[in-house]
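Understanding the architecture of this molecule
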Amino acid sequence: MKIGITCYPTYGGSGVVATELGIELAARGHEIHFISYAMPMRLSGSSERIWFHEVEVATYPLFDHPPYTLALATKMSEVAEEASLDLLHVHYAIPHSVSALLARMMSGPKRLPFITTLHGTDITLVGADRSYLPITRFSIEQSDGVTAISNYLRERTIREFEVKRPIEVIPNFVNCDLYSRNGDTNNRAKWAPNGEPILMHLSNFRPVKRITDVVEIFALVREKIPAKLVMIGDGPDRGAAEYIVRKKKLSKDVFFLGKQLHVQDKLAVADLFVLPSDEESFGLAALEAMACEVPVIASNVGGIPEVIKHGVDGYLFEPRDVHTAAKYALEILTRPDRGRMMGEMARANARKKYCSNDIIPMYEAYYEKVLNSTRAAASVGK
Ligand code: GMT
């Protein structure tokens, strides 16, 4: 198949999923065309069957806000024509599904189908804004196919957006060969030279991730045992988290790495992954850690309980309850045998439900289904 993929190219779960999906599909012989305003973060050095098409947004003094949605629609339509795309697959509804809808309208009788994958904040935060809700609902309804990355997100979309059309759940995935316990042991020696346990967090450091709680949880742990904290990512709350680290005199124990590629090399030396988000429709970073045999403590919100089993491969706590989170962290870190066992369970569960080898064929089957119904509808219209 020839597939156009649109996503946010920046540091964030939906862009990661879209990029990894494109890479996996290309490895399976499909032709993949990424269409976005910049090269997606994890796309570097990928296969010969992958193309990147940059959307250039013309500015003009009149435009306080250059119309990206229109520039994207135009580029989608051009690429679809030149590369004879079979379909578009957009990740994150706002504004990508609106652009895809316009591109489909521009494609004429050939009718270029598009699939929208919902990731989370496009529904839970952004889409719920009054000004975005009607157009987001419209473009979801108009999509030829819609997928959500967890049951939770599917149900929430149906409930809050009153969407009537079917939504297929295709969960997020991880490449279980790439993500394993074989990390870079130099990293462990660098961060924890005396064998201290390592806590880790990876995200886009937005307020919803509560990275200041990560530091608070670590500070409570550090009151009881020697430990280190590795923070991967960057974003608006980094300054606030760094401030707490300085105030609590923890600078020697906390490492802010900024945005990183090859996160598996780092995750694989962690003893505990911490995800205290206020809202999380899946928690891809937690899944990546689990594949690297890292137990997870996370807030009991959204789709997280679909991924992490309380008491089996990690622990769940109520959002913002840093004391209970620290108690669970200590339970894992002070009993390394228990931590290891939970880590092994985490990988086993990740392998059972979320390996790319099993999830990518679900996308392929869904593409076929959408293409078949588009063809059937076209032949009825003839
Ligand atoms: O809020 C974010 O972290 C960004 C957002 C995105 O689209 O980049 O993440 C969402 O999509 C991820 C990939 O499907 C999910 O793993 C995250 O749980 C989800 N974030 C939220 O629901 C807050």
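Values in this document were obtained by computation on a predicted structure and should not be read as measured data.

Conventions we followed
- Residues numbered from 1 in each chain as written.
- Predicted model: local features only at pLDDT ≥ 70, side-chain atom pairs only at ≥ 80, totals over all residues.
- Heavy atoms only, no water.
- Near = heavy atom within 4 Å.
- Polar contact = N/O pair within 3.5 Å; in protein donor to acceptor, adjacent residues only side chain to side chain.
- Areas by Shrake-Rupley, 256 points an atom, 1.4 Å probe, with all protein chains shown as cover.
- Helix = DSSP H or I, 4+ residues; strand = E, 2+ residues; numbered from the N terminus.
- Nonpolar A, V, L, I, M, F, W, Y, C, P; charged D, E, K, R; others polar.
- Domains from an automatic or database assignment.
- Contact = heavy atoms within 4.5 Å.
- Buried area = accessible area lost by both parts, 1.4 Å probe.
- Salt bridge = Lys/Arg side-chain N within 4 Å of Asp/Glu carboxyl O.
- Disulfide = S-S within 2.5 Å.
- Buried < 20%, exposed > 50% of the residue type's maximum accessible area, 1.4 Å probe, protein only.
- Core = buried A, V, L, I, M, F, W, Y, C linked by side-chain atoms within 4.5 Å.
- Phe/Tyr/Trp six-rings, centres within 6.5 Å; stacked < 30°, edge-to-face > 60°.

The next thing to look at is the site of the ligand. Taken together, 19 residues surround the ligand, and among them S14, H119, N172, E280 and S281 come closest. Within the side chain of H119, an N or O atom sits 2.6 Å from an oxygen atom of the ligand. Within the contact set of the ligand, an oxygen atom lies 2.9 Å away from a backbone nitrogen or oxygen of S281. Alone, the ligand offers 480 Å² of accessible surface; in the complex the protein occludes 96% of this. If one sorts the elements of the shell around the ligand by residue count, helix α1 (residues 13-27) sits on top with three residues. Looking at the shell around the ligand residue by residue, the classes come out as five nonpolar, 10 polar and four charged. Split by domain, the residues of the shell around the ligand number at least three in each of domain 1 (2-173 + 356-381) and domain 2 (185-353).

What the domain assignment lists for the protein is domain 1 (2-173 + 356-381) and domain 2 (185-353). Here domain 1 and domain 2 have C-alpha centroids that lie 31 Å from each other. Taken residue by residue, the interface counts 22 residues in domain 1 and 21 residues in domain 2. For the pair domain 1 and domain 2, the two sides together bury roughly 1,600 Å², of which 58% comes from carbon and sulfur. Three residues, Y11, R42 and Y152, lead the burial of domain 1 against domain 2; their summed loss comes to 41% of the area buried on that side. Run the count over domain 1 and domain 2 and you get two salt bridges. Here R42 makes a salt bridge to E288, at a shortest N to O gap of 3.1 Å. Per-element accounting of the side of domain 1 that touches domain 2 gives the leading share, four residues, to helix α6 (residues 151-161). Here the residues of the side of domain 1 that touches domain 2 sort into 10 nonpolar, nine polar and three charged.

Moving on, we come to the state of the cysteines. Considering all chains together, one arrives at one disulfide under this definition. C176 supplies the cysteine sulfur nearest to C292, a cysteine that is in no disulfide, at a spacing of 9.6 Å. Since its relative accessible area comes to 0%, C292 is described here as buried.

Of all hydrophobic cores here, the largest spans 77 residues; its most connected members are M200, L267, F273 and I308. When residues are assigned to domains, this core turns out to be shared by domain 1 (2-173 + 356-381) and domain 2 (185-353), each giving three or more. Excluding residues that lie within four positions of it along the chain, F273 makes contacts with M200, H201, L202, L267, A285, A286, A289, V294, P295, V296 and I297. The next biggest cluster of nonpolar side chains, apart from the first, holds 34 residues, and it includes L229, F256, F317 and Y328.

If you walk through the whole model with that rule in mind, you get six aromatic pairs. Here Y363 and Y367 contribute two aromatic rings whose centre-to-centre distance is 6.4 Å and whose plane-to-plane angle is 40 degrees, an arrangement assigned as tilted. One end of the pair, Y363, and the other, Y367, are both in helix α15 (residues 356-381), four residues apart, so they sit about a helical turn from each other. Neither Y363 nor Y367 differs from the other in exposure class; each is buried.

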